[in-house]
Amino acid sequence: MTRQMMIGMVFNGGYGSQPGAWRMPGVDPQNYTNFDSQVRYAQAAERGKFQFLFAPDFPAWQNDLESEAPLNINEPLLTFAAVARATQRIGMVATGSTTFNEPFNLARQFKALDVMSHGRVGWNAVPSSDPGVAALYGRAIPPRNEKYERLHEFIQLVQAFWGSWGLGAWTHDKESGRFADPTKLRPINLKGRHVAASGLLQLPPSEQGQPVIFQAGGGAQGLEVAGRYASGVIGAVFTIEDARAQRNALRNAAERAGRNPDEIKYFAGLMTTIARDRRAGLDRRIVLSEHTFPQRVQYLGQMLSLRLDPGQLDAPLTSVQLAAARPSPSDPRSAHALKIAREGWTLRDVLAHGVIDYHPAIVGPAVEAADHMQEWFETGAADGFWLSPDVFEDGIDAFVDGVVPILQERGLFHRDYEGTTLRDHLGAPAQYGLDPRIGG
């Protein structure tokens, strides 16, 4: 079967990826607490046959709440419980920190959601690094090595809990009166340096056995975690070269852990504003985020090694500025920003292209998004993408109705779900309990 890309979508605060999404016409400004809207957006993504939704978790106060909505979803697992009851196929990947939780709590919550959704759940297992999150728990961020030692122990303990109710243990035989086979119940008794637990998780397997592990960390330690445990990795890269290098590093890490590198799928981020043409897309982005431009133009200047004045927003770079401009070697977005500036756009339009966004941004017609995704996929830079639509209310449908058909016509994306579980969607191998290939 021909290899095809996979698509996930970020599922956060209720509005979209752009700061002004909550104020757009047609958007209910109370969507932050409107679970019906969250369900509707999930159904739109499922209509597009996306493989999964991805919920980050940023519980600490991070942005200007006077004018911008919180970045965070209300509560990932509770939100996905609502989504699970109103969808049939799309997967749901939720973030759960290993730093300020306990293994039994997360093991029970994620497996219960997996059972409820008939096997469509993934766990993005990451440590916490934000001091604001630590403050919510009245604690401090541990040293990095300690965080990752705990993370390794934590994942293995959670997976041991998931497998403690053995396959076939639940007999529920009314005639014999036998509810479970005790010979297939395997209570755990594990103790590490950082976490420990003993007992049984009283939940049977889901249709996929147990949740799928995702990872969204970074650095050498994050790479090791992904290589040992993850079936999906949420990437944060801006250039195709960096994406290809990161995907190759992940595949090598999986091989070192004794796994088939095809078991790990790398998802590159992509921000989208799908419009009839470039000008319409830029105008939409300006409405969404121009209140941030006076501050961002100064950072754009640093990226281009220039001193830029916010009063110059409605003018392009001068010939003198273009001759002096140099992309900053410390920011991988800089070369692209300079390329856009050299096309003669005003600084307002340059910023509207998303040159300072944290993922590549497609601002314009659907075919441009399809071309970008095809190039990255076919050159080995990604196995798929996780999308950040600018405004959920109409941005998801714009992608589903505009980009997805192009990808399908090119044979790059499936036309329907081939299976029922997240493990099916990812082509991830069966697993129940600990992976016997992975040591402690």
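Sequence positions are assigned chain by chain, starting from 1 and proceeding in written order. The model is predicted, so local features are restricted to residues of pLDDT at least 70 and side-chain atom pairs to those at 80 or more, both for listing and for counting; the totals for chains, interfaces and linings are taken over all residues. Water and hydrogen atoms play no part in the side-chain values, which are based on all heavy atoms of the structure.

### Examining helix H11 (residues 334-342)
Consideration 1: Here the term buried applies to any residue with accessible area under 20% of the maximum for its type, exposed to any over 50%, and partly exposed to those in between, with areas from a 1.4 Å probe on protein chains only. For the purposes of this entry, the term helix denotes a DSSP run of H or I that reaches at least four residues, the term strand denotes a run of E that reaches at least two, and both are numbered from the N terminus. By the burial criterion, the buried members of H11 are Ser334, Ala337, Leu338, Ile340 and Ala341. The buried residues of H11 occupy one face: seen down the axis, they fall within an arc of 160 degrees.
Consideration 2: Positioned one or two residues after H11, Gly344 has a phi angle of 95 degrees, which is positive. Throughout, the arc means that of the directions going from the helix axis to the C-beta atoms.

### Considering the nonpolar core
Consideration 1: Only buried Ala, Val, Leu, Ile, Met, Phe, Trp, Tyr and Cys residues count toward a nonpolar core, and they belong to the same one when joined by side-chain atoms within 4.5 Å. By size, the foremost hydrophobic cluster in this structure holds 81 residues, and its most contacted members are Phe50 and Trp123.
Consideration 2: Ranked by the residues each element gives to this core, the list is headed by helix H5 (residues 144-162), at nine residues.
Consideration 3: Counting residues in each nonpolar core, the second largest holds 25 residues, with Leu317, Leu347, Ala352 and Ala361 among its members.

### Concerning the packing of helix H2 (residues 76-84) against helix H3 (residues 103-116)
Consideration 1: Axes here refer to lines fitted to C-alpha atoms; in helices the fit is confined to the stretch in contact. Angles between the N-to-C directions go from 0 to 180 degrees. One way to put it is that H2 packs onto H3 with a least axis distance of 10 Å and a crossing angle of 10 degrees. As judged from the angle between their axes, H2 and H3 are roughly parallel. Counting all contacts with H2, which are made through Leu77, Phe80, Ala81 and Ala84, the residues of H3 involved are Gln109, Phe110, Leu113 and Met116.
Consideration 2: Broken down by class, the residue content of the contact of H2 with H3 amounts to seven nonpolar, one polar and no charged. Angles are sorted into four bins: roughly parallel if under 35 degrees, roughly antiparallel if over 145, roughly perpendicular if 65 to 115, and oblique for all others. Note on definitions: a residue-residue contact is assigned when non-hydrogen atoms from the two residues lie within 4.5 Å. Residues were grouped as follows: Ala, Val, Leu, Ile, Met, Phe, Trp, Tyr, Cys and Pro as nonpolar; Asp, Glu, Lys and Arg as charged; and all remaining residues, including Gly, as polar.

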